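Reading the structure
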Amino acid sequence: MPEVPVKLTAKDFRSDQEVRWCPGCGDFAILSAIQSFMPELGIARENITFVSGIGCSSRFPYYLNTYGMHSIHGRAPAIATGLAVSRPDLSVWVVSGDGDALSIGGNHLIHALRRNVNLKILLFNNRIYGLTKGQCSPTSEFGKVTKSTPVGSRDTPFNPIALALGAEASFVARTVDSDRKHLHSVLRAAAAHQGSAFIEIYQNCAIFNDGAFDVLKDPASRDSVLVRLEHGKPITFGASGEKCVVREPRGFGLEVADTANVPRSEIIVHDETVEGPAYAFTLSRLSDSDLSNTPIGVFRRVGRPTYESMVAEQNASARAGNANATPDELLSELLHSGNTWTLG
Amino acid sequence: MPEVPVKLTAKDFRSDQEVRWCPGCGDFAILSAIQSFMPELGIARENITFVSGIGCSSRFPYYLNTYGMHSIHGRAPAIATGLAVSRPDLSVWVVSGDGDALSIGGNHLIHALRRNVNLKILLFNNRIYGLTKGQCSPTSEFGKVTKSTPVGSRDTPFNPIALALGAEASFVARTVDSDRKHLHSVLRAAAAHQGSAFIEIYQNCAIFNDGAFDVLKDPASRDSVLVRLEHGKPITFGASGEKCVVREPRGFGLEVADTANVPRSEIIVHDETVEGPAYAFTLSRLSDSDLSNTPIGVFRRVGRPTYESMVAEQNASARAGNANATPDELLSELLHSGNTWTLG
Amino acid sequence: MAKQIQHLDRVAIRFAGDSGDGMQLTGDRFASETAILGNDLSTLPNYPAEIRAPSGSLHGVSSFQVHFAAHDVLTPGDSPDVLVAMNPAALRANIADLPPNAEIIVNTDEFTPRNLEKVGYTSNPLENDSLDGYTVHRVPLTTATIAALADLDVSKKDAERAKNMFALGLLSWMYSRSTEGTVEFLKQKFAKKPKLAAANVAAFQAGWNYGETTEDFAVRYEVKPAQLAPGTYRSVNGNTALAYGLAAAGLRAHLPVFLGAYPITPASEILHELSAFKRFGVTTFQAEDEIAAVGSALGASYGGGLGVTSTSGPGLALKTETLGLAVMLELPLVVVNVQRAGPSTGLPTKTEQSDLNIALFGRHGEAPLAVIAARSPADCFYAAVEAARIALTYRMPVILLSDGYLANGSEPWLLPDPADLPDLQVEFATEPNGPDGKFLPYLHDPHTLARPWAVPGTPGLEHRVGGLEKADGTGAVSYVPADHDLMMRLRAARVEAIDVPDLEVEDPSGDARVLVLGWGSTYGPIGAACRKLRERGVSIAQAHLRHIAPMPKNVGAVLAGYDRVVIPEMNLGQLAHVVRERYLVDTVSYNKVNGQPFTSAELETVLEEVVRNA
Amino acid sequence: MAKQIQHLDRVAIRFAGDSGDGMQLTGDRFASETAILGNDLSTLPNYPAEIRAPSGSLHGVSSFQVHFAAHDVLTPGDSPDVLVAMNPAALRANIADLPPNAEIIVNTDEFTPRNLEKVGYTSNPLENDSLDGYTVHRVPLTTATIAALADLDVSKKDAERAKNMFALGLLSWMYSRSTEGTVEFLKQKFAKKPKLAAANVAAFQAGWNYGETTEDFAVRYEVKPAQLAPGTYRSVNGNTALAYGLAAAGLRAHLPVFLGAYPITPASEILHELSAFKRFGVTTFQAEDEIAAVGSALGASYGGGLGVTSTSGPGLALKTETLGLAVMLELPLVVVNVQRAGPSTGLPTKTEQSDLNIALFGRHGEAPLAVIAARSPADCFYAAVEAARIALTYRMPVILLSDGYLANGSEPWLLPDPADLPDLQVEFATEPNGPDGKFLPYLHDPHTLARPWAVPGTPGLEHRVGGLEKADGTGAVSYVPADHDLMMRLRAARVEAIDVPDLEVEDPSGDARVLVLGWGSTYGPIGAACRKLRERGVSIAQAHLRHIAPMPKNVGAVLAGYDRVVIPEMNLGQLAHVVRERYLVDTVSYNKVNGQPFTSAELETVLEEVVRNA
Ligand SMILES: Cc1ncc(C[n+]2csc(CCOP(=O)(O)OP(=O)(O)O)c2C)c(N)n1
Ligand SMILES: Cc1ncc(C[n+]2csc(CCOP(=O)(O)OP(=O)(O)O)c2C)c(N)n1
Ligand code: SF4
Ligand code: SF4
Ligand SMILES: [Mg+2]
Ligand SMILES: [Mg+2]
């Protein structure tokens, strides 16, 4: 897409619509982070489109002064695919919730990822159905008591990162609503990536799941649970890097160890670009839905041609040689191609 | 489910319907393998139900003399979930094709797997749409020329095993239509597993994708590509076990090495029961859609309570204390529970 | 000072405030006390579209209306006689609905410049003449509450939050409701937080005393109990009643109920309610989407349970393919559709009757099924039982239409005696039914045209069903042209074979020339309008359809008895369409599609006009 | 021996054999030569429901019927005058369709005891009297072919497989078709396998010579060319024509066409055809399901292309929710629905007209859109262009109904001059259209009631759209009751505002009292029936609807001009329903739902009956 030299500010990305989320909703922080990030893209507003499904999170497009569509529940990736394939010149973003993307819309999500459509997919994961007032979602913790599960959910939640990796995603990342700097860094990497970029954003629902991610935000706890992934750096965490990530002794998983007890060479050095998805997958299993050892950052970022570029190439090569034909000439060619006969 | 001491034979599982697949279709072999396997289950025919979607493969239930439903495209896992949850006494099997299960039905599949509903899900993967006469499917190889992709598909296929593992599947296996013995071994393990069992069966479509899996069947080639997974055994293959599977030097993936050049201790010993899915996932990436190094057998088999058993438990504990109430007594209790007032 | 007591026949009160002001609770409490006093009543909440809008904003106003009377009540009231406005937003959002001379009780404390500005008041309505046509009671609700709790050990914030109980106390005094119930209720509600309990009780009592002692409140009202049937009552909204009805149907059928549902406004509450009914044989399954929801319900029915799915418009749209399969399988299935406004996402929190078309015609091919509608909140219970009766007896999917107005509206419900509910027990097939000992899964009962329900687990009856066309009797897949034609006509006949009661007509004068025909939730406002017209000596007949597919057999004859048939609908004429087609009657439609229920006043005007022109 | 030559006005020939016998190719070839000769013609294949049934089985029979005449042809023919039966199964499966005295050419080689038994013949029909009423030509097709190729270097299997060309040669001789075309065709088809080419040519010529030399064939027939308009023709079936129409519409609109589709019988071929039209500006996307298919098409329309989705019944059912969104978004979208038989999976390979209901009424809420239908295979081209015209001009989804009969049936199509097709160019919005330089995405054109189409990439027109209700003009989300009411009525008005041509009536005698009204693929058989009736002096008027929503403005007046309106439909009365409702006319329905198209003979009988009773 054309990177036009436009000097825009966050304010340019604010629409005239009053923002209507509950006080304390994490969506505000994400909105503001994205509005402040957008100018960095260097793309004119008119060349950006946000497509969303239905949910609190999906009201997002209304508040951004770009093109936008608030579509129907779960279908944003499918609609965005049609848009992106037919308009590869646009920067197309998808905004979705955990219910929207992983419950009703799960199939469209995994198919967009395997195709590597050039969509930036933001999954606002608050582990609850916000808009419908508090039912459990496919990311709600096992046993969660919600309006629809009064004695506790018996569904094993998805690990969205693992699911995306199982679906051949070329870019997978996770971040947190409240950490603007981190959010920006992940968005930056996603925007630079050619292909589907899947970003899980832990988001606080102040009304129906308040504080779900506090452990990742609270200065008292966050250092001991947040595992910040940085490309090329050994994976350590804790207030003073006292914990680190190493291989399971004989297994294929990862585990957490005391940095002091581990030779430096055994600490995993993070590499977003490992060709096969096994490494990122392994990393995704480090944390459980209890949020202990939660990696944030880019899990995987590997190059693969985008779906639309390949489609465009096929179209272009089919059109080779008729570049100057007028539509009516093409129509004549079409009608007369193959078997015809003439009477009279 | 009640294992009744019935002595049945394959013939007992043949329905009176004429089997209508194309000559040479791999579905015949699978049908016959399953008919001959069924008696082993020791379950009375009436306690077995097969639910399928739509596709050539989905005609399966008609040919089995059990209860059966040939439902609609992609929805079998959802329908079977309702049946299994409300009738945990039944043995419920799902039969599906690569289009049925992974294209239109992808979402129901991954949700059934994460919930661990006690379904045995057989995915007949012929890498093509058979019933609709030859369009590409989500497992068709990249670049495949089909009726709908005359200059080659540009979709990256799913790796069904990896997808299932990304979706929290507790049992994942792969087998081949023509290898009855192997098919039986996998079915046996699946039937014994409590929870969702996902089995990918490579199946020949004689008409629209003939010979797709010949490399795995041809005596000349099969030994060098088929990686037979056996629990507790080192993973070697080749006519005389000359190849083996080892870790990637510094990565998280696996690779193939010459058995002769590798210390025995470095050959991966297959373990279906590794708790985390990372190992099985890694294994699933050994093969690509080109079928080189194709593991068959059980990738993963780990214990987790079935969804229906947990639901049944919740129901049972809610009912504790009213076991002897008549329906009308319960109804009275229901109506009069909570806030009521009396007039007159 | 002794207060004057005035007797009223009926009153409608609207409690309005910010989302955080607890207006639903307040209104609900008032309604409960009213019910216990023996008034008939009807209530309707009005929530903001947002989950929690910014405080003090116009779109964040939440309200609750209670209509109660000394006679039976059909609607929550067109326009409130009394408005309790907890802030400027509540006043501004509701003032247009008030009739002249209505009473307004405002919380003066909230009328600050900032709050006034938030909602676009350029000058304070309490200080200009804009409220001249009303009786305004200016009450410093917040400060009065705080003052009343001064001696209690509660934070200022908690004290302030008790102001709704102050208002409730005041209103309870005004309308002579008893206090014990509320005091008891508050103690229980805050059982774990005794300080809060004390604070709320104190605020409530302070409100009562405020009425008793303040000169501004010179009059107390009394509304005599209505002539209600004796018995035990509970208050239900449509969704609750529906959930009770489904559970009751399962118990009357001696079958487990399986609800497969995906949350959607305004139907989610049915899922919530039923998920608490495990004790009564109900299993709920929150599916990954509406297709899985209906699919799982169908799977449960196949397994021998009463499969149910509940949803609203967009969800029904997604279920249509599976409904076609259910029609083919000839299995029981109850599909509850709580209609909401608009195509697509529309106005999810608003009401409408616009899913009749999709219910009747929204499947590919011809896949006829039964369609019925509920007419009032409590009637949702009986409608659910009836839906289950048809589904179980005739082995077919039944769409039960409710709507947002019924779902949220409440009324007292006289609890039925379980034994008075229909016996819904079914017989599963246990033996082969064909010649030479074969089982014929599609052998149809000559009366009900239902096929045998042979559930997995039954030895000897193993059979296969599916969505392909089949031969009658054997159910074997058949491509024989005549089989298809036969089965198509049979499926249509199966719906027509359902035994449904005749349409009843209410025509007290016996000389009406105009019939008003309705369906669903318009029953209340239509009934109230007819009542008012009749009170004024205008003859009009009313008939209301519960069964739309099949139609009662006598509908044609009923229609033929009138010069004019008028059909008010909250859509652009969907029932009218069916009636016109079927009976070739040139009906008159009155349609409103603004997300609001009809008021009885507007219908009174419309109907009178039709009568005049008949 | 010189053969007798007999002139015929029309002939219908059915080629029938095993799935592997190449009957489609044979029939198609015969049809091509027939077309080049200048006969008008119509063809219809009949495939087995299975992909490839066991050879020699009844349900594995594949057939192809060619109806050609010296005048214009409306249907593939009710019943074949000639049956070519390649084996006992083909004979048994088709014999019931033959009129008395039909000619039968059988391959005697295949009438072995085993093959006879496979299809349930207890004795050989060639040896008993069961074929006495027909003229039977017993030809040892297989052995004759093998003998003819004895000198060629081909395997026995390949030789045997060429027997269909032997049959074609024989039929070409009988009906005096030229041979050059077929010889040329075979050479090209087997260009890479010259031995097979030689074998097939030799078989074909041997068949011709067999006719010329064998005494059994005493008569040759000639069917004179029809009076067809001069010009260039191609043979199209409905699906192909539809695909060409969509591509043509894109080119006439100067817009790229984006097809989002999921395979489904009998619509898949549209996807196949369009996927080969990349050169002509068409992008195809095989989506993961029908919901994604329509969603992607809508996304493409939003991006400024002509979004199209093609499907059949079950797929349409799944698309309904997204269609509601498309109605709300007021964007162009063409939805092609190739109807097939039955509810649920039904009979996927059979034809029916039973999706009119879901097309008109199958959305939740009120989401009106345009519905049109094609009437003949070649007409699918023009119907597609018309669908695109409405979608682009009026910015709305259009459902175009075809069916299995049209999809598979072929006829010669006189290629149009591109310039004669409507100019479909649209103007995208490029400038703000509101006061104070604002862009009002929902400002509606006073004539077309279309809103501006402002595509992403247009600076200054950034705006948001969605499925929530909105205010007219600004398109901003609105919960204002009056806005909803307005938009509901506006959406209905938008459909009525579409400019569609008046319904044309064909009433040559001018004194008909009965009008037969049809829609869709029944055009051919209705037309043929009317023609026959008129030939016999019976007056009858015929009108055929292309536009069903909106209806042409003159329909009411047209209907009023007749005593009786009869509506034949391949459903249980879906168009009749609409007509009755709208015009309160007591129509007479003739319905058949057995998966088969009407025959003109049955309609002739039915219509005559109506005329007699009128
Ligand atoms: C087809 C359909 N089904 C259901 C709904 C109701 N619905 C709206 S949003 C939503 C889920 C919201 O949860 P999530 O996607 O997590 O978004 P959040 O509100 O939490 O941001 C549901 C079930 C709908 N709008 N459409
Ligand atoms: C809703 C719906 N969409 C599309 C179809 C058409 N359809 C039938 S089977 C099928 C796919 C078949 O492929 P697969 O699932 O791989 O099964 P196979 O025939 O190869 O065994 C499709 C697209 C349908 N029946 N229903
Ligand atoms: S309900 Fe939760 S997610 Fe929705 S706006 Fe409120 S706080 Fe945010
Ligand atoms: S089309 Fe392929 S999958 Fe289907 S029956 Fe034939 S060989 Fe089997
Ligand atoms: Mg959420
Ligand atoms: Mg397949």
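Computed from a predicted structure; not experimentally measured.

Looking now at the site of ligand 4. The local shell around ligand 4 consists of W21, C22, C25, C56, N126, Q203, C205, A206, I207 and F208 of chain B together with I51 of chain D. Residue classes in the shell around ligand 4 are distributed as nine nonpolar, two polar and no charged.

Across all of its chains, the model carries 74 salt bridges over all chains by this definition. Of the charged contacts, one joins D177 of chain A and K217 of chain A as a salt bridge, the two residues approaching to 2.7 Å between their closest N and O atoms. You can see D177 of chain A sitting in the loop between β5 (171–176) and α6 (180–192) and its partner K217 of chain A sitting in helix α7 (residues 214–217), a full 40 residues away along the chain. Judged by relative accessible area, K217 of chain A falls into the buried class, the value being 19%. Between D179 of chain B and R228 of chain B there is a salt bridge; the shortest N-O distance is 3.1 Å. One end of the pair, D179 of chain B, is in the loop between β5 (171–176) and α6 (180–192); the other, R228 of chain B, is in strand β7 (residues 226–228), and 49 residues separate them in sequence. With a relative accessible area of 37%, R228 of chain B lands in the partly exposed category. Each member of the salt-bridge network shares a partner with another, and the members are E18, R20 and R59 of chain A together with E50 of chain C.

Okay, the sheet that holds strand β4 (residues 119–125) of chain B next. Strand pairing in a sheet is mediated by backbone hydrogen bonds. Such pairs are either parallel or antiparallel. Sheet architecture is open: nine strands sit in the order β7(B)-β11(B)-β5(B)-β6(B)-β4(B)-β3(B)-β1(B)-β2(B)-β17(C), paired in mixed fashion. Whereas interior strands pair on both sides, the edge strands pair on one side only; in this sheet they are β7 of chain B together with β17 (464–466) of chain C. Taking each pair of neighbouring strands and ignoring which way they run, the sheet shows an average axis angle of 20 degrees. The sheet contact formed by β4 of chain B and strand β6 (residues 197–202) of chain B spans six bridges and is parallel. Counterpart to F124 of chain B in the pairing with β6 of chain B is I201 of chain B.

On to the coordination of the magnesium ion (ligand 6). All names here are of chain B. Protein-derived ligands of the magnesium ion (ligand 6) are D98 (OD), N126 (OD1) and I128 (O), with the metal-ligand distances lying across 2.0 to 2.2 Å. Read from N- to C-terminus, the donor residues coordinating the magnesium ion (ligand 6) fall into the pattern D-x27-N-x1-I. Taken together, the positions of D98 in helix α3 (residues 98–104) and N126 in the loop between β4 and α5 (160–166) put the pair 28 residues apart, joining distant regions of the chain.

The two copies are related by a screw motion: chain C maps onto chain D through a turn of 180 degrees and a shift of 0.0 Å along the axis, at an RMSD of 0.1 Å. The superposition operator between the copies reduces to a two-fold rotation axis. The residues that chain C uses at the interface reappear at the interface of chain D in 100% of cases, marking a shared surface.

Quick look at the interface of chain A and chain D now. At the junction of the two partners, chain A supplies 59 residues and chain D supplies 67 residues. Each partner contributes to the roughly 5300 Å² buried at the junction of chain A and chain D, and carbon and sulfur atoms together form 61% of this total. Taken together, the links from chain A to chain D amount to three salt bridges. R279 of chain D is paired through a salt bridge with E333 of chain A; the nearest N and O atoms lie 2.5 Å apart.

On to the pairing of strand β12 (residues 306–311) of chain D, then. All names here are of chain D. Within β12, six of the six residues are buried, leaving the element largely enclosed by the surrounding structure. The side-chain alternation of β12 yields two buried faces, one formed by L306, V308 and S310 and the other by G307, T309 and T311. Examined bridge by bridge, strand β10 (residues 257–261) and β12 share five bridges and lie parallel to one another. Bridge pairing links V257 to L306 in β12.

On to the site of ligand 2, then. Within the structure, ligand 2 sits among 23 residues, and C56, S57, D98 and D100 of chain B together with E290 of chain D are positioned closest to it. Around ligand 2, the nearby residues trace back to chains B, C and D. Between G99 of chain B and ligand 2, the recorded distance is 2.9 Å, taken from a backbone N or O atom to an oxygen atom. Summarising the interface, the protein chains cover 98% of the accessible area of ligand 2, which totals 590 Å² for the free molecule. Of all the secondary structure elements, the ones that give two or more residues to the shell around ligand 2 are α3 of chain B together with α12 (313–329) of chain D. A total of four residues in the shell around ligand 2 trace back to one element, the largest contributor, which is α3 of chain B. Its residues assigned to classes, the shell around ligand 2 shows 11 nonpolar, eight polar and four charged.

Here we take up the sheet that holds strand β6 (residues 197–202) of chain A. An order of β7(A)-β11(A)-β5(A)-β6(A)-β4(A)-β3(A)-β1(A)-β2(A)-β17(D) is seen for the nine strands of this open sheet, with the pairing classed as mixed. Each having just a single partner strand, β7 (226–228) of chain A together with β17 (464–466) of chain D make up the two edges of the open sheet. Recorded for the sheet is a direction-independent mean angle of 20 degrees between the axes of neighbouring strands. Across the sheet, α6 of chain A lies against β3 (91–97), β4 (119–125), β5, β6, β7 and β11 (294–301) of chain A, angled at about 165 degrees from β5 of chain A, the strand it touches most.

To continue, consider helix α11 (residues 290–302) of chain C. Residue and element names in this part refer to chain C. Relative to the 18 Å expected for 13 residues at 1.5 Å per residue, α11 spans 18 Å between its end C-alpha atoms, a close match to the ideal helical length. Judged by how many residues are buried, α11 sits mostly within the fold: 13 of 13 residues are covered. In this structure D289 caps α11, since a side-chain oxygen of it lies 3.0 Å from the backbone nitrogen of I291. Just downstream of α11 lies G304, where phi reads positive at about 100 degrees.

All right, on to the interface of chain C and chain D then. The interface of chain C with chain D comprises 62 residues on the first partner and 62 residues on the second. If you look at where chain C meets chain D, you find two salt bridges. Taken together, the links from chain C to chain D amount to 29 residue pairs in polar contact (both at pLDDT 80 or more). The element contributing the most residues to the side of chain C that touches chain D is helix α12 (residues 313–329) of chain C, with nine residues. Looking at the side of chain C that touches chain D residue by residue, the classes come out as 24 nonpolar, 23 polar and 15 charged.

Procedures and definitions
Residues numbered from 1 in each chain as written. Chains lettered and ligands numbered in written order. Predicted model: local features only at pLDDT ≥ 70, side-chain atom pairs only at ≥ 80, totals over all residues. Heavy atoms only, no water. Near = heavy atom within 4 Å. Nonpolar A, V, L, I, M, F, W, Y, C, P; charged D, E, K, R; others polar. Salt bridge = Lys/Arg side-chain N within 4 Å of Asp/Glu carboxyl O. Helix = DSSP H or I, 4+ residues; strand = E, 2+ residues; numbered from the N terminus. Buried < 20%, exposed > 50% of the residue type's maximum accessible area, 1.4 Å probe, protein only. Pairing = 2+ DSSP bridges. Axes fitted to C-alpha atoms, helices over the stretch in contact; angles between N-to-C directions. Donors = N, O, S within 2.8 Å, 3.2 Å for Na, K, Ca; no water. Least-squares fit on C-alpha atoms with pLDDT ≥ 70 in both. Contact = heavy atoms within 4.5 Å. Buried area = accessible area lost by both parts, 1.4 Å probe. Polar contact = N/O pair within 3.5 Å; in protein donor to acceptor, adjacent residues only side chain to side chain. Areas by Shrake-Rupley, 256 points an atom, 1.4 Å probe, with all protein chains shown as cover. Expected span 1.5 Å × (residues − 1).

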